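These are the residues of each chain, in order.
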Amino acid sequence: MGNSDETGANGAGTTRRGYSRMMTHAIRTTRGDRLRSAAAGLSAAVVAVGLAELVAAVVEPSASPFAVIGSGLIDLAPSWAKDTAIALFGTGDKAALITGIALVLAALAAAAGILESWRSGVGAVIVGGLGALTLVAAMIRPGAGPFAWLPGLVAAVVAVVALRLLTRRLRPIAGFAPDHEDRRRFLLWTAGTAAAGLIALAVGNVARGATRSIDAVREALHLPKAAAPAAAVPSAAELAIPGLAPVVTPNTDFYRIDTALIVPRVDPADWSLRIHGMVDHEVTVTWDELLALPMTESFVTLACVSNEVGGSLIGNARWLGHPVRELLARAGVRSDADMVLSTSIDGFTASTPLEALTDDRDALLAIGMNGEPLPIEHGFPVRMVVPGLYGYVSATKWVTELEVTRFDRAMGYWTPRGWSDHGPIKLQSRIDVPRGGRVIEAGDSVIAGMAWQQHVGIAGVEVRVDGGPWRSADLAAPISADTWVQWSMPWAAESGSHTIECRALSVDGDTQVEQQAPPAPDGAQGWHRVDVTVD
Ligand SMILES: Nc1nc2c(c(=O)[nH]1)N[C@H]1C(S)=C(S)[C@@H](COP(=O)(O)O)O[C@H]1N2
Ligand SMILES: [Mo]
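Residues numbered from 1 in each chain as written. Chains lettered and ligands numbered in written order. Predicted model: local features only at pLDDT ≥ 70, side-chain atom pairs only at ≥ 80, totals over all residues. Heavy atoms only, no water.

Labelled according to an unreviewed UniProt entry, the protein chain appears under the name DMSO/TMAO reductase YedYZ molybdopterin-dependent catalytic subunit, originating from Microbacterium saperdae.

Next comes the structure, spelled out in structure tokens:
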């Protein structure tokens, strides 16, 4: 083994000189040569990414090359791209993005391999450049750690070295008279390099799992009791109709929307919230200080502005937290302020009207969700929950900063991306039963669904079949004006195709509008309509 390596190295040395001479002329390449060059590029990329991900997992999980490139793309993406991604892939949008990045990277790496064997250095510049790009992307991320640059540097160096070494092994076998022994050796090296990269990736994943001590911290936590507990859910709030969303959404089924490719893992011991800006005095609250404050508990239905008519980006939970208004009062808010910009540890921001945080609604700095500490992907250890506003302007997860400011001075994350700076939730309803497109049996049946306009409240729901007269549905007991409400209506289903529509009526006397509007810029609207076939 040692011997044959020696020979190999000598052989490579000789041909390198030969190759330099050839560089002055065009090299004749065969299809096989190009395939092998592409394989060299791919394999160099795999080992570079694998080692960089491994280094990231160990020293700086948030600087994972895939995560920083992905997060950068998410931040740069225009809002139509976000809409399309959510529409196409739903909550699988992140997996789709990672796959997309991997495919583009693979194509670039293969091209770099081919270019490198065409002109020494060209491919190296490309793969090295990609590594450097990752380095920069990692360093400019909000909350970048002190070693954020390291994975990108590892990627760049490993990619350049691997590509040059593999390409050197390619040279003796270029052209029309390949030496089979050299070709076999090249294949072995290429496959071995790629395998090393895959092993590093796998080890990195295991290492990332091992750093999940935040899960342990979270599991060991005991939430304080609420000074103001939520009233029990009235039994008449839950109609328990098969297929109808439960009135309280279990944490594991709760929709998740955020820009975080790697979920921030915040140790409560390191967490603090800084309240600053247009205040009389800055206030900083640590985790222990927050836990010692009186806790309020309330049911609030959270909804995403990206939710389509009839969509499922909405859920209801019992939140435990300290009212934001108390902390703002402690800081002393200046009279000309009208907005609070909340910032997440990962740089996401939301602009919330000051009034929604200081009036009598329970805008919470929440630490608990349905009796548990916040799940990590739902903002552990602390997030905002504000009744009546879409999540993008209120529900900042992993929140670390509240800046008291003005709408004419600052903007939340989604506003420059084409979304409204204010996001009150629109009056909406949806049909859960029967599901659209279903075939159901003729006879006594039921139509049921959900209706909501948080912080206003639902007064009724009307249903019509096949464009007939509107009939009032039975409304379940609402938990509060801040939550969605179930509704149902008996239906004698007759054979044939039917269209069912619903519309909600609010406590304010409004009727849900028929006119369809897309989610951007301030929330979808229109009647939900389902088509069913009765057998
Ligand atoms: N840090 C952070 N918080 C965030 C977001 C985000 O991207 N980053 N997205 C907001 C949006 S758009 C919504 S709809 C809600 C969703 O909260 P959930 O994932 O707990 O359901 O979180 C909000 N808070
Ligand atoms: Mo959202």
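Caption draft 1: Main features of the overall build of the protein chain. Across its full length, the protein chain carries 12 helices and 19 strands. Here the C-alpha coordinates of the protein chain stretch approximately 85 × 65 × 45 Å along the principal axes. The buried share among the 535 residues of the protein chain stands at 50%. Within the protein chain, counting contacts between residues at least 6 apart in sequence, those at least 24 apart form 76% of the total. For the protein chain, the computed accessible surface area is about 23800 Å², with 59% contributed by carbon and sulfur atoms. Within the protein chain, one finds 43 positive and 54 negative side-chain charges whose respective centroids are separated by 14 Å. (Helix = DSSP H or I, 4+ residues; strand = E, 2+ residues; numbered from the N terminus. Buried < 20%, exposed > 50% of the residue type's maximum accessible area, 1.4 Å probe, protein only. Contact = heavy atoms within 4.5 Å. Areas by Shrake-Rupley, 256 points an atom, 1.4 Å probe, with all protein chains shown as cover. Lys, Arg positive; Asp, Glu negative; His and termini not counted. Charge placed at Lys NZ, Arg CZ, Asp CG, Glu CD.)

Caption draft 2: The arrangement of the packing of helix 6 (residues 122–139) against helix 7 (residues 150–170) in detail. At a closest axis distance of 7 Å, the pairing of helix 6 and helix 7 adopts a crossing angle of 170°. Relative to helix 7, the element helix 6 is oriented roughly antiparallel. Two secondary-structure elements touch here, helix 6 through Gly123, Ala124, Val127, Gly128, Gly131, Ala132, Thr134 and Leu135 and helix 7 through Gly152, Leu153, Ala155, Ala156, Ala159, Val160, Leu163 and Arg164. Here the residues of the contact of helix 6 with helix 7 sort into 10 nonpolar, five polar and one charged. (Axes fitted to C-alpha atoms, helices over the stretch in contact; angles between N-to-C directions. Parallel < 35°, antiparallel > 145°, perpendicular 65-115°, else oblique. Nonpolar A, V, L, I, M, F, W, Y, C, P; charged D, E, K, R; others polar.)

Caption draft 3: Summary view of the UniProt feature "domain: Oxidoreductase molybdopterin-binding" (unreviewed entry) in the protein chain. The UniProt record marks residues 262–414 with the feature "domain: Oxidoreductase molybdopterin-binding" (unreviewed entry), using the residue numbering of this structure. Counting secondary structure, residues 262–414 comes out at 12% helix and 37% strand; the distance between its end C-alpha atoms is 19 Å. (UniProt positions renumbered as here; feature names shortened; annotations may be inferred.)

Caption draft 4: Seen up close, the UniProt feature "transmembrane region" (unreviewed entry) in the protein chain. Within this numbering scheme, the UniProt entry marks residues 38–59, 95–115, 122–140, 146–166 and 186–207 as carrying the feature "transmembrane region" (unreviewed entry). The span residues 38–59 is 100% helix and 0% strand, and its two end C-alpha atoms sit 31 Å from each other. Overall, residues 146–166 shows 81% helix and 0% strand. The separation of its end C-alpha atoms is 33 Å.

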